[in-house]
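Inside the fold
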Amino acid sequence: TRMLCEEVILNKSADGKHVDRFLEFAEAVKNPPVAGPAAPTLTIKKSTPPQQKDALRSLKCEVTCTAEHIKPLPGAGIPDVCRLEGTIDTKVLADKIIAGLTPTPSEVLQYFNGQLKERICYLDGGMGTRIQAEMLEEEDFRGEDFKDFKEIDNNGVLVSLKGNNDLLILSKPTMIKDIHKEYFLGGSDIVETNTFNGTTISQGEYKMQHVVYELNKKGAQLAKQAAAEVTKAEPHKPRFVAGAVGPTSRTLSVSPSVEDPSYRNVTWDELVEAYVGQISGLVDGGVDMLMIETIFDTQNAKAAIFAVDEYFEKTKKERLPVMLSATIVDNSGRTLSGQTIEAFFVSIKHAKAFTVGINCALGAAQMKRFYKMLVDMNPGWCHVYPNAGLPNAMGGYDEDPEIFSTHLSDYAKDGLLNFVGGCCGTFPSHIAALAKKCSAYKPRPLPELEKYPCMQLSGLEPAIIKPEIGFQWVGERCNLMGSPKFKKLVDAYKFDEAMEVCQQQCEKSADILDFNFDSDLIDGQSAMGKFMRLCVTEPNVARLPFMIDSSKWCVIEEGLKCVQGKCIVNSISLKAGEEEFLRNAKLCMRYGAAVVIMAFDEEGQAATFEDK
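Now for a look at the structure at hand. (Residues numbered from 1 in each chain as written. Predicted model: local features only at pLDDT ≥ 70, side-chain atom pairs only at ≥ 80, totals over all residues. Heavy atoms only, no water.)

A short note on the overall build of the protein
The line we're drawing: Strands are runs of DSSP state E lasting at least two residues, helices are runs of H or I lasting at least four, and both sets are numbered from the N terminus onward. The cut-offs for exposure are 20% and 50% of the maximum accessible area for each residue type, with area from a 1.4 Å probe on protein chains only; residues under the lower value are buried, those over the upper are exposed, and the others partly exposed. Contact definition: two residues touch when any of their heavy atoms are within 4.5 Å. Note on areas: Shrake-Rupley with a 1.4 Å probe; residue coverage comes only from the protein chains shown.
For the protein, the count of helices and strands is 23 helices and 17 strands. Referenced to the eigenvectors of the C-alpha coordinate spread, the extents of the protein come out at roughly 120 × 55 × 50 Å. Scored against the burial criterion, the 612 residues of the protein give a buried share of 50%. Long-range pairs, those at least 24 residues apart, make up 76% of the contacts in the protein with a sequence separation of at least 6. By element, 55% of the accessible surface of the protein is carried by carbon and sulfur atoms, the whole surface being about 30000 Å².

Structure below.
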């Protein structure tokens, strides 16, 4: 219309017909065409969360990744130890063990990776119940070294050392060595050191923190002596020692206070420090591998894994093979901190463990279906060492070697076993019966690896992000930028009321929960820690994976120290330079987190296609 007006005013157009066009336009304005029937009124109805989620799920990413994955540089990351190739001369290995030396981690892995293709291998049985059978008294635990020990506990009572089984390493070393030897002679390939409570945290309950290093080192040496003696008698079957690392009596995921769900009686940093001290003694004593066992809280286990990496990174020693063993509390199939066995595996997958398995808690008959779930997920070697049935009314265990071995031979028949042993209530006779019954069956083979594995996250339950599922719904109402109501409550330190916002997102079917506490009015680091500790104690919230969101690394790290599931870090970038980026990326890997990478460097954010 504007062009036509200009042509008429100037009385000029390319074809000279501007006057005719103007007359046609004026006639159309004066006598407009008859309008057609009116379109129906558009009605917009409010959709429900399930409808919104269905719409989101219907959208599929049409881009498929076909690129080859970038291979890590030599020495970067943790290798897949279950697939380490190579052969090892059994005689050379046996000679080392007989001489009291410790084979290299690579030699241990090559030996077992070869053996596990041919046969089922055996762990030992219960140490605590085997010691209880000796009917020891207070003076036995004290021995000569601690006969004059007179520490007073917090209640003003003389500390009793009876029940501190780890202390027997120092007070009754011959007995401990002989128990290890009994298990080796019963058929065990690997025995665990008697160091289940060998941290300063656990020994602190007996006022024995000062002996922790000596206790772990000596405990490893006793087990190695037993391994040398039995290997000398049976050089065709070398024997090995795993340093036992227990969970401690404290937990990062559960509050001991009814009044304050965010309270913890131990911190991540305290646990890591305690585990590093224990690992130091075990390694110096010559253990061949480390067993982080009876995991009832996955966050404790993640602290132990972090400590393993911390120790070997600082000492520059070759990392020992790591075995991880969860315990489930009942037939729900969950750990004490609430995770399913599948969620547990996803949470610790970053450790690249030599074996992952289940121990304690249940008998073999009850444990099988949960162990099968783990076997189906784990691309590496698996282990299982259950109790001799469920405890009876007197606290004892009723399954004799015949019943116990029969139950576990069913696992072997189904091709589920790599390593197998026993926990509470089992004795050398149980291991001997087990070795006899399972020797006829082939071990579980390693599964084929997926070329393009899908993302795996976890809260109390696993979240396997398969391509066919569609897009995931990230709830951002617990982000100070995403909800004015949430920001107002957090700024006023009303965390209990802020939790209601979090609960509402769960009720509205969020798949992942985003948390951000970047604000000038509060300490984001302490707010992140407190709120995460609250969230992990609320089952309806904790079942989902968390996205830890902040522009400050210290805030992100605080969140990672509080959450047992596999989180997403949002985000890291090259904004502060390559050195800082690599440091944070490595820490994300050590905490077991997925990560969002922002297209951002020292010069700013990538805006154009070419920049990205």
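Next comes the rest of the description.
Examining the pairing of strand β15 (residues 594–597)
Put simply, the test is: Strand pairing is assigned whenever DSSP identifies at least 2 bridges connecting the two strands.
Where strand β14 (residues 568–572) lies against β15, four bridges are found, and the strand directions are parallel. Following the sheet pairing, Val569 is matched in β15 by Val595.

Looking at the side chain of Arg590
How we decide: Polar contact is the term for a pair of N or O atoms within 3.5 Å; when the atoms are in protein, one must be able to donate a hydrogen and the other to accept it, and sequence-neighboring residues count only if both atoms are side-chain atoms.
Take Arg590: it is sitting in helix α23 (residues 578–591). There is a polar contact of 3.1 Å between the side chain of Arg590 and the backbone oxygen of Phe306. Beyond its immediate stretch of four places on either side in the chain, Arg590 contacts Phe306, Asp309, Glu310, Glu313 and His350.

Observations regarding a negative patch on the surface
Defined as follows: Patch membership needs two things, relative accessible area over 30% and no salt bridge, and members are linked within 9 Å if like-charged or within 5 Å if nonpolar (Val, Leu, Ile, Met, Phe, Trp, Tyr). Salt bridge, as applied in this entry: a Lys or Arg side-chain nitrogen positioned within 4 Å of an Asp or Glu carboxyl oxygen. In this tally, Lys and Arg are treated as positive and Asp and Glu as negative; His is ignored, and so are the chain termini. In this description, the location of a charge corresponds to atom NZ of lysine, CZ of arginine, CG of aspartate or CD of glutamate.
Side chains of Glu578, Asp601, Glu602, Glu603, Glu610 and Asp611 sit close together on the surface and give a patch of like negative charge. Relative to the helices and strands, Glu603 is located in the loop between β16 (600–601) and β17 (604–605). Given a relative accessible area of 78%, Glu603 falls into the exposed group.

Some words on unusual backbone geometry
A cis geometry characterises the amide bond from Asn570 onward to Ser571, with omega recorded as 15°. Counting through the fold element by element, Ser571 comes out in strand β14. Even without glycine at this site, Asn11 takes up a positive phi of about 55°. Asn11 gets classed as exposed once you look at its relative accessible area, which sits at 56%.

A look at the packing of aromatic side chains
In this description, an aromatic ring pair is defined by two values, namely the gap between the centres and the angle between the planes. Applicable threshold: Two rings from Phe, Tyr or Trp (for Trp, the six-membered ring) form a pair when their centres sit within 6.5 Å of each other. Planes less than 30 degrees apart are called stacked, planes more than 60 degrees apart edge-to-face, and all others tilted.
Here the structure, examined in full by the defined rule, presents 18 aromatic pairs. Measuring from ring centre to ring centre gives 5.0 Å for Tyr311 and Phe312, while their planes differ by 85°; the resulting arrangement is edge-to-face. Judged by centre distance (5.6 Å) and plane angle (75°), the ring pair of Phe486 and Phe531 falls under edge-to-face. With Phe486 in helix α18 (residues 484–491) and Phe531 in helix α20 (residues 524–535), the pair connects residues that are 45 residues apart, well separated along the chain. For the pair Phe486 and Phe531, one class covers both residues: buried. An aromatic cluster is built from Phe486, Tyr493, Phe495, Phe515, Phe517, Phe531 and Phe546, whose rings are joined through pairwise contacts.

Focus on the nonpolar core
Note the following rule: For the purposes of this section, nonpolar cores are sets of buried Ala, Val, Leu, Ile, Met, Phe, Trp, Tyr and Cys residues that join through side-chain atoms within 4.5 Å.
One finds Phe112, Phe515, Phe531, Met532 and Phe546 to be the most contacted residues of the largest nonpolar core, which totals 153 residues. A total of nine residues in this core trace back to one element, the largest contributor, which is helix α13 (residues 298–315). Those residues within four positions of Phe546 in sequence are excluded, and the remaining contacts are Ile512, Leu513, Phe515, Met532, Cys535, Val536, Val541, Val563, Cys567 and Ile568. Judged by nonpolar contacts, the second largest core, of seven residues, contains Leu457, Ile512, Met547 and Ile568.

Distances and angles like these do not, on their own, reveal function.
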